[in-house]
Amino acid sequence: YRKLSPAAPDKSGETTEAEMAEGEGALSSSDGGKEKRNPNDFALWKASKSGEPAWDSPWGSGRPGWHIECSVVASDILGETLDIHSGGEDLKFPHHDNELAQSEACLGCGEGRQWVNYFTHTGHLHIEGLKMSKSLKNFITIRQALENNTAC
């Protein structure tokens, strides 16, 4: 379901290891891929790790996968059709494609109806050659940026 990125770089239509590493990083390989039948598979429900929140379900104690969290919150607040959805360019595939797949299946989209009308994907800020990220702890606040830089 590659709606936003319909062609793989090699034009085969298959997801490459490089794309999965770029798109989901360690999330795609935490179990070595044992539970996936296809590299495009993604989790709707995950077993909770120690210290993570968990809820009982027919599939066992666990939590929603991150694609579910995002699409459920967005649909609950904004309704069954979003005019604009945005994120970083690294979320185009697989995150936004996975959100589309599950949301459009759940909401019965098709025949001219879609979950999102427009996506915007933005580039990243780089600090010393690396993508700025909280997880890398290489970020600056807006206040810090304004202290060190002016429009004059």
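Since the structure is predicted, the reported quantities are computational estimates derived from the model, not experimental observations. (Residues numbered from 1 in each chain as written. Predicted model: local features only at pLDDT ≥ 70, side-chain atom pairs only at ≥ 80, totals over all residues. Heavy atoms only, no water.)

(A) Local environment of the overall build of the chain. The helix and strand tally for the chain stands at 4 helices and 6 strands. Helices (α) and strands (β) of the chain occur, in sequence order from the N terminus, as α-β-β-α-β-α-β-β-β-α. Out of the 152 residues belonging to the chain, those deemed buried represent 28%. If you sum the accessible surface of the chain, you get close to 10,700 Å²; carbon and sulfur atoms cover 55% of it. (Helix = DSSP H or I, 4+ residues; strand = E, 2+ residues; numbered from the N terminus. Buried < 20%, exposed > 50% of the residue type's maximum accessible area, 1.4 Å probe, protein only. Areas by Shrake-Rupley, 256 points an atom, 1.4 Å probe, with all protein chains shown as cover.)

(B) Just helix α3 (residues 92–106), in detail. Compared with the 21 Å implied by 1.5 Å per residue over 15 residues, the 20 Å span of α3 between its first and last C-alpha is a close match. A large share of α3 lies buried, amounting to 12 of its 15 residues. Residues of α3 that are buried: Phe93, Pro94, His95, His96, Asp97, Asn98, Glu99, Leu100, Ala101, Gln102, Ser103 and Glu104. One or two positions beyond α3, positive phi appears at Gly108, with a value near 70 degrees. (Expected span 1.5 Å × (residues − 1).)

(C) Representation of the pattern of salt bridges in the model. Summed over all chains, the structure comprises 3 salt bridges. Across the pair Arg113 and Glu80 runs a salt bridge, and its minimum N-O distance is 3.1 Å. Separated by 33 residues along the polypeptide, Arg113 in the loop between α3 and β4 (116–122) and Glu80 in the loop between α2 (66–78) and β3 (82–88) bring together distant segments of the chain. Given a relative accessible area of 29%, Arg113 falls into the partly exposed group. With relative accessibility at 47%, the residue Glu80 sits in the partly exposed group. Across the salt bridge formed by Lys131 and Asp90, the nearest N and O atoms sit 3.0 Å from each other. Of this pair, Lys131 sits in strand β6 (residues 130–131) while Asp90 sits in the loop between β3 and α3, placing them 41 residues apart in sequence. (Salt bridge = Lys/Arg side-chain N within 4 Å of Asp/Glu carboxyl O.)

(D) Molecular detail of the nonpolar core. Among the nonpolar cores identified, the biggest contains 8 residues, and these are Ala74, Leu82, Leu100, Leu107, Cys109, Trp115, Val116 and Phe119. With residues near it in sequence (within four places) discarded, Phe119 still touches Leu4, His85, His96 and Leu100. (Core = buried A, V, L, I, M, F, W, Y, C linked by side-chain atoms within 4.5 Å. Contact = heavy atoms within 4.5 Å.)

(E) Structural context of α2. The terminal C-alpha atoms of α2 lie 18 Å apart, and with 13 residues this matches the ideal 18 Å at 1.5 Å per residue to within 8%. Residues of α2 that are buried include every one of His67, Ser71, Ala74 and Ser75, and no others. The buried residues of α2 occupy an angular sector of 95 degrees when projected down its axis, which confines them to one face. Turned more than 90 degrees off the buried face of α2, the exposed positions are Asp76 and Ile77. (Arc of directions from axis to C-beta.)

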